[in-house]
Structures are given as structure tokens and as C-alpha cells.
Amino acid sequence: MPGYPPGRRLRSSIAIKPYRLVLLVCLRPHHLGPCPHPAGRTRSHWRDGQLENSHLVPLPYRRCRAASSRGPRAPGAWHHPPRCPYLRPPRRGHRLWRGTMRGCGTRLVWLLVLALAWLDPALGGEEEDGVVVAEEEEDEDEVLSDELKEEDSVLVLHEHNFARALSEHRLLLVEFYAPWCGHCQRLAPAFAQAAATLRNESSVVRLGKVDATAQAALASEFGVTSYPTLKLFRDGNRTHPLAYTGRMDAKGIVRWMQRRASPSATLLHNATTAAAFISSQDLVVVGFFKDLGGEAAQVFYEVAGEVVDMPFGVAEAAELFQAYGLAADTVCLFKKFDEGRTDFPVDPAQGLDAAKLTQLLRVHSLELVMEFTNETSDQIFGAKIPHHMLLFLNKSSSAQLGLRDGFRAAAGAFRGQVLFVVVDVTGFGADVLPFFGLTPADAPTLRLVKMENNRKYQMEQDAFSDTAIRAFVQAVLDGKVKPHLMSAEPPEDWDTRPVKVLVGKTFEQVAFDETRNVFVKFYAPWCSHCQEMAAAWEELGERYKDHEDIVIAEMDATANELENITIRGFPTLHYFPAGPGRKMVEYKSARDVETFSKFLENGGTLPEEPPTVSEVPPPRARDPHRPWGRILWDGGGDR
């Protein structure tokens, strides 16, 4: 009722003081306007049959849209009592009508009673058990409609308005998120910025969001299993959304959506338009096809839709084939650096493969030697080149800058296999030095990284000539060089603590001790998940410190590396059972002391979750004819 805080209701009882009853009647005077419950929004109203005859002042006839005394009420709507004057006016002569027509005298009486109501507590009046009281109750769930609301230019979507959003917007990018997800929280400002930019540019493209934890039906319908998940819905198609493949920043989202809102490739009609298009950017891609309706051209359009950071053009005019010296279908990459142009002829028999063309464009769009900066990092890691050869140097030293010439001379022979990168140890590259166990004083130096497992290789002694660099890279590719493994020095009391502190040098002797079961936590000092479970791990160590056959241990995986075990996420937990053989059991259950204990007491298993057991080969010299023995897994948590 007006005058009561939201979420409060009136509860009537048997014993009601007369002047209080009149006070309740006065709370609904005729001048308060229409029904307080349009479309089922109010949270307080007369409940079924309670005080239904107390409306002594009729209002003009206004039929309530949310509920009716005829037939079943709408879901979530309040039920108006049959005598409620909001549903129909009283008959002339009815007691409700008579109550209205008593004139000013009655109103004066009401004012007097109202004054008594206020004075009663002061005069020592006592509340009786049956008096009308206002009770605090929880808000009813808001009745959701198909109305489209926005937050920071982002549509707020749920199961009631999702279909409407699809029907009204030809291109709708939807983020499925969880309120507690850190990645979602970091994406939110960029997503809102992209939504505002796209809304100002075009009415065709809109961005929306769904709280997948509250809208479980939508999350299940679209197969959402992680957060954030972004999907594009085109032309109202609900059954085949397109997974978002762009960058997770405002600029990347805008580019990705703009590419889908317009033709993915610009049609070049003649030599003038082609020359203008090619000179417009540092890097452009042009597909020359004699039949734009052919299969190869369609694959080209598909690639153009995905590779949004490059402008794409397409041509079929004979004069353009002649102008650029082409006789058959060809994709050309024009760039204002290195060799200037790279051609990828279309195989007449096999046609054009989308994945292969995408990779070729990624590789050749990079400079032969890249400098590691904030602007180039996405390109460097997005190219998915399997090996990176890094030259760490101090750019403030002219002598070290001169080393780039030999580095560049060696790079051409390995294009597509090895990406050559210069890292300034005093600039943006300073942050990556700990990953390699380096300091700025170690520059200049060289490292080669195998991206598949982050294995690092270094020369026995740095040599910076192009000949020496080529020989070293080829030896790594041929498997003739062992990886360089980092290891911290073990603390003096590493084996006297309840939780043993392992390093690379001591891991083998402890983890593969045939007389003990060893439970190891691989962690990163900066990992929030690791910090959250630190107390539980210490308590576990205290619980088992006197057990001769059980060892609780931990290892900083950012400062120590193992030859045959790769840590990809933190924290990662592994159990190494006693006995012959080099067994390793992956632990992927709850991170609490009781579950850990159950796991240990049950011999490294949990009834509800069968373990994944793998063989760990002993460390040995690399056999060039055999692949590296390794175990890969997802450790979960922070990366």
C-alpha cells in the first residue's frame, strides 16, 4: 500500500480496535489514483479476502490488467478480492456508495480518529495481540516480462525477453557470465565500451548479457560450461549461434562485430580501386578469383570473416589479374615491410583450405623479426608458431643493438617454424625475465622456447653470429639439445617442515621414493587459488607429519621445472604412490582437508571420481628418434 515501505504487507486479525480500522480505511482515499498493481508490479496489496469490504471510497472504474476475479489469476500476480472497487464500481445504494456520500462530517471524524491513533501510544495505550501490524517480509521475486532493459548500453537478457531480443536485432552478441567470475569482471568494462561504440555506429549490432547462474535454462540450451562465453546470434537464429573468436578487449569486439555487420571483403572493380585499397593499410589481403561464386572464393570469404585484424579485398576482373601478374586464382598478402608481397596460389585439385590459409596469413603478416611490446604481444602469440627464438638485449646499449643484424640474417631460413623475437630487458620485456630465470644483467643472451610445453633451450655459450644461431636452432629442431631446466636452491629445513619444500633438484628423490606415498602441490606465488588453499595444505601437512609412509609436499612451479612433467595451471595436485614404477595420479576434487584425507586414506582414489593414472618415464638423454616423453594436463585455476 502507498505509505508502507516496499516489501511490507498488512496482516489482519480477529481483534481490531475500531479507530484503527477506520485508520486503515483512510489509507486508501480516492485521490491516490489508479490501481497500485498495474501489470503485476506492486509488492503490497490487500490479500485474498482480507479486509475486502473496507474500501469505503470508490475510484473511477479502472479494470486491473494483472489479475481478475474471473478465472484463474495470472502467474505471479496478486489476486484482487471480488468486492474490490478497482475491478468494478459499486452499485448505487450499496454500502460502499453510501460510505462515500456522507460528506465532510465524516471526514472530520476521520481526522479526529487519526489524531487519536497517533496519541494512543503517548497516552499509555497498550498494543493488543490481535492488532493490525505491518510485518517485514522478503520481496517477492520480480515478475519478469519481455521488456528489454539496458545496463551501460548492454541488453540485460533472461528467458522471458531473449526471444524478443533475437527478433529485434539482426546481430546480437551475448555474453554468458557468472557474477563471481574474475574473468567476467575484467571483461565487463571492455564489453560495455564496445556496446556503446557499436550502438552509436549502427542499429544492426547490439550486445547483451545473461547471468548464466540465474538463467540456468538458457545456459543449458546454449551449452555454456565456462565463463565468460560469448556467442553471436544472427538473424534471429537461435539454434546455431556462432562462437566468438576475437580478442577479449573493446577494440577486438568492435572489429569482430563490424566485420560481420558488413561484407567481409571489399569488391575491387578496377586497377584504380585496387591500388587505392592496397595502399590504404600497412597490410591487406586480396583474393583474385575468376569465379566469385566458386568454392575457393567462398572459403576466402569465410577466412575474411574470422581474421578481423586484416582488411580483405576480392577481385575477378581480368584486367586486375593482368595488372598483378597472375594467371590463376591466388591470394596475395600485400605489406609495407619485409618482402612487400607474398602469394598463395590456389591448388586447382585441392582447392583452398580455410585453416591452412589462415595460418599462412598469420605467419606472413608478422615481420621477420618481431619486437616484444604491448602492441605486438597478441600477434606474437596469436600466430601459433611452434617455436620462439628470443634475443634478450638492452636497447640503451648501441653495442647490443648491433646484434640484431645477425639475428635477422638467421631468421629467414625458419619462417613458419620459428618466430624470431627481440626482447628489451629494460622495457616491456622486463616482466617476462623471471619466467626464464633471467635478470637485466644477463643481457645479451639467447633462448629458444618450444611453445607446446614451454621447454627452454640455451646455448652452452652465447654466440650471436647468424651462422651460430642457425646451427643452434636447427640442432634444437632436430632434438639434439636438451632443455634447460630451472631449479631453485632447497631451503635448509626443506625436509623438516610438515609440508616438504621441493625444488627441481630434489623432486626426483622425493616424489619417486618407492617406500612413500607423496602428495605434491604445484603452485605459483601470485596465484589467488593457491593462496586460498594454503591453510588447508598446511593443516594436511600437520595431520600427516608423523606418518612414515605419507609425505605432503609443495613446489613453486614458476621457479622450478621438471623434464617430463609440464605444469599448465595452478594449483595442480598430484599423488605419487609408493611401490615400483613411476606412477602419478591426478587429483581433481574438492580442495579441503577432509577430502584430501579421504583421498590419502583410500590409497589415492575417491569413490565418486576414478583417478587418471599415467606413467612417468625416468629422465634420460634425449633419443632423437623418439618423441619426448611427457604428460600434459589442465591444472585448473589461474593461468
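Keep in mind the model is a prediction, meaning the values are calculated, not measured.

Okay, the overall build of the protein chain next. Across its full length, the protein chain carries 19 helices and 24 strands. Residue burial in the protein chain is summarised as follows: out of 639 residues, 44% are buried. In the protein chain, the share of contacts with a sequence separation of at least 24, taken over all contacts with a separation of at least 6, comes to 70%. Per element, the accessible surface of the protein chain, about 33300 Å² overall, is 52% carbon and sulfur.

Turning our eyes to something else, we now look at the confidence of the model for the protein chain. Confidence along the protein chain averages 78 in pLDDT terms, with 72% of residues attaining 70 or more. Low pLDDT, under 50, characterises residues 1-102; the stretch is placed with 170 contacts to residues that sit more than four places away or in other chains. A low-confidence stretch, residues 121-141 stays under pLDDT 50, and its non-local contacts, those more than four residues away or across chains, total 34 contacts.

Its place among the elements puts Ala190 in helix α5 (residues 182-201). According to the relative accessible area criterion, Ala190 is buried, its value standing at 15%. Residues Ala190 and Ile253 lie 63 residues apart in sequence; the distance between their C-alpha atoms is 8.5 Å. Not counting residues up to four positions away in its chain, the partners in contact with Ala190 are Asp249 and Ala250.

To continue, consider the packing of helix α9 (residues 295-306) against helix α11 (residues 354-365). The N-to-C vectors of α9 and α11 enclose an angle of 50°; their axes lie 10 Å apart at closest approach. In terms of their interaxial angle, α9 and α11 are classed as oblique. The chirality of how α9 crosses α11 is right-handed. Across the interface between the two elements, Val299, Phe300, Glu302 and Val303 from α9 touch Ala354, Leu357, Thr358 and Leu361 from α11.

Attention shifts here to the sheet that holds strand β6 (residues 205-211). Here we have 6 strands laid out as an open sheet, ordered β3-β4-β6-β5-β7-β8, and mixed in their pairing. Looking at strand neighbours, the two that pair on one side only are β3 (149-151) and β8 (242-243), the edges of this open sheet. Relative to strand β4 (residues 154-157), β3 runs antiparallel, the two being bridged by 3 bridges. Paired with Glu150 across the two strands is Leu155, which belongs to β4. Of the strands in this sheet, β3, β4, β5 (171-177), β6 and β7 (229-234) touch α5, which is tilted by about 150° from β6.

If you look at the biggest cluster of nonpolar residues, it comprises 23 residues, and the most contacted ones within it are Phe289, Phe300, Phe312, Leu352 and Leu361. Among the secondary structure elements, those contributing two or more residues to this core are β10 (283-288), α9, β11 (312-315), β12 (330-335) and α11. Here the element with the most residues in this core is α9; it accounts for 6 residues. Non-local contacts of Leu352, meaning those with residues more than four positions away in its chain, are made with Phe289, Ala296, Val299, Phe300, Val331, Val346 and Leu357.

Here we come to the pairing of β12. In terms of burial, β12 is a largely internal element, 6 of the 6 residues being buried. On β12, burial covers both faces: Thr330, Cys332 and Phe334 on one face and Val331, Leu333 and Lys335 on the other are all buried. With 6 bridges joining them, β10 and β12 adopt antiparallel strand pairing. Bridge pairing in β12 links Val284 to Phe334.

Our focus in this paragraph is the sheet that holds β11. Within a sheet, each strand pairs with its neighbour through backbone hydrogen bonds, oriented either parallel or antiparallel. As summarised here, the arrangement of the 5 strands in space is β9-β11-β10-β12-β13, forming an open sheet in which the pairing is mixed. If you trace the sheet from one side to the other, it starts and ends with β9 (266-267) and β13 (341-345), each paired once. Of the strands in this sheet, β9, β10, β11 and β12 touch helix α8 (residues 271-279), which is tilted by about 145° from β10.

A word on the packing of helix α7 (residues 250-261) against α9. The geometry of α7 relative to α9 is characterised by a closest axis approach of 8 Å and an angle of 150° between their N-to-C directions. The angle between α7 and α9 falls in the class roughly antiparallel. Counted together, Trp256, Arg259 and Arg260 of α7 and Ala304, Gly305 and Glu306 of α9 form the full contact between these two elements. Looking at the contact of α7 with α9, its residues break down into 2 nonpolar, 1 polar and 3 charged.

This part covers the side chain of Asn394. When you line up the elements, Asn394 lands in the loop between β15 (387-393) and α13 (398-401). Contact partners of Asn394, with chain neighbours within four places excluded, come to Gln400, Asp424, Val425, Thr426 and Ala443.

To find leftover empty space, a probe the size of one water molecule is rolled over the atoms. Put simply, the largest pocket is a space of about 1200 Å³. Taken together, the elements giving at least two residues each to the lining of the largest pocket come down to α7, α11, β14 (369-371) and α12 (377-382). Of the residues contributing to the lining of the largest pocket, the split by class is 10 nonpolar, 11 polar and 12 charged.

Using the criterion set out here, one finds 5 cavities of 30 Å³ or more in the structure. Its volume calculated, the largest cavity comes out at about 60 Å³. Along the walls of the largest cavity sit Val363, Leu366, Glu367, Leu368, Ile385, Ala411, Arg415, Gly416, Val418 and Leu419, which together make up its complete lining.

In the segment running from Tyr227 into Pro228, the intervening peptide bond is cis, with an omega of -10°. Mapped onto the secondary structure, Pro228 falls in the loop between α6 (216-221) and β7. Residue Pro571 is reached from Phe570 by a cis peptide bond, and omega for that bond is -10°. Residue placement: Pro571 occurs in the loop between β21 (550-556) and β22 (572-576).

For helix α16 (residues 466-477), spanning 12 residues, the distance from its first C-alpha to its last is 16 Å, which sits close to the expected 16 Å at 1.5 Å a residue. Just downstream of α16, Gly479 is the residue with a positive phi angle, here 80°.

Turning to α5, a few remarks are in order. For α5, built from 20 residues, the straight-helix expectation of 28 Å at 1.5 Å per residue is met to within 8% by its first-to-last C-alpha distance of 30 Å. Of all the bends in α5, the greatest, near 35°, is centred on Ala188, and the proline Pro189 appears no more than four residues after it. All of the buried residues along α5 are Cys184, Leu187, Ala190, Phe191, Ala192, Ala194, Ala195 and Leu198. The secondary structure elements touched by the buried residues of α5 are β4, β5, β6, β7 and α7.

A few words on the pattern of salt bridges. Summed over the entire model, instances satisfying the criterion amount to 26 salt bridges. Arg362 is paired through a salt bridge with Asp309; the nearest N and O atoms lie 2.9 Å apart. Within this pair, whereas Arg362 is found in helix α11, its partner Asp309 is found in the loop between α9 and β11, the two being separated by 53 residues in sequence. Arg415 serves as the salt-bridge partner of Asp338, at 3.8 Å between the closest nitrogen and oxygen. Taken as a pair, Asp338 in the loop between β12 and β13 and Arg415 in the loop between α14 (404-411) and β16 (418-424) lie far apart in primary sequence, 77 residues in all. The exposure class assigned to Asp338 is partly exposed, which follows from its relative accessible area of 29%. Exposure remark for Arg415: the relative accessible area of 24% places this residue in the partly exposed category.

The rules behind each value
Residues numbered from 1 in each chain as written. Predicted model: local features only at pLDDT ≥ 70, side-chain atom pairs only at ≥ 80, totals over all residues. Heavy atoms only, no water. Helix = DSSP H or I, 4+ residues; strand = E, 2+ residues; numbered from the N terminus. Buried < 20%, exposed > 50% of the residue type's maximum accessible area, 1.4 Å probe, protein only. Contact = heavy atoms within 4.5 Å. Areas by Shrake-Rupley, 256 points an atom, 1.4 Å probe, with all protein chains shown as cover. pLDDT = per-residue confidence, 0-100. Axes fitted to C-alpha atoms, helices over the stretch in contact; angles between N-to-C directions. Parallel < 35°, antiparallel > 145°, perpendicular 65-115°, else oblique. Left-handed = near helix turned anticlockwise from the far one by under 90°. Pairing = 2+ DSSP bridges. Core = buried A, V, L, I, M, F, W, Y, C linked by side-chain atoms within 4.5 Å. Nonpolar A, V, L, I, M, F, W, Y, C, P; charged D, E, K, R; others polar. 1 Å grid on protein atoms, 1.4 Å probe; cavity = no way out; pocket = protein on both sides within 12 Å on 5 of 7 lines; lining within 4 Å. Points joined across faces, edges and corners; volume = space filled by probe spheres on them. Expected span 1.5 Å × (residues − 1). Bend = angle between axes of the 7 residues up to and from the residue. Salt bridge = Lys/Arg side-chain N within 4 Å of Asp/Glu carboxyl O.

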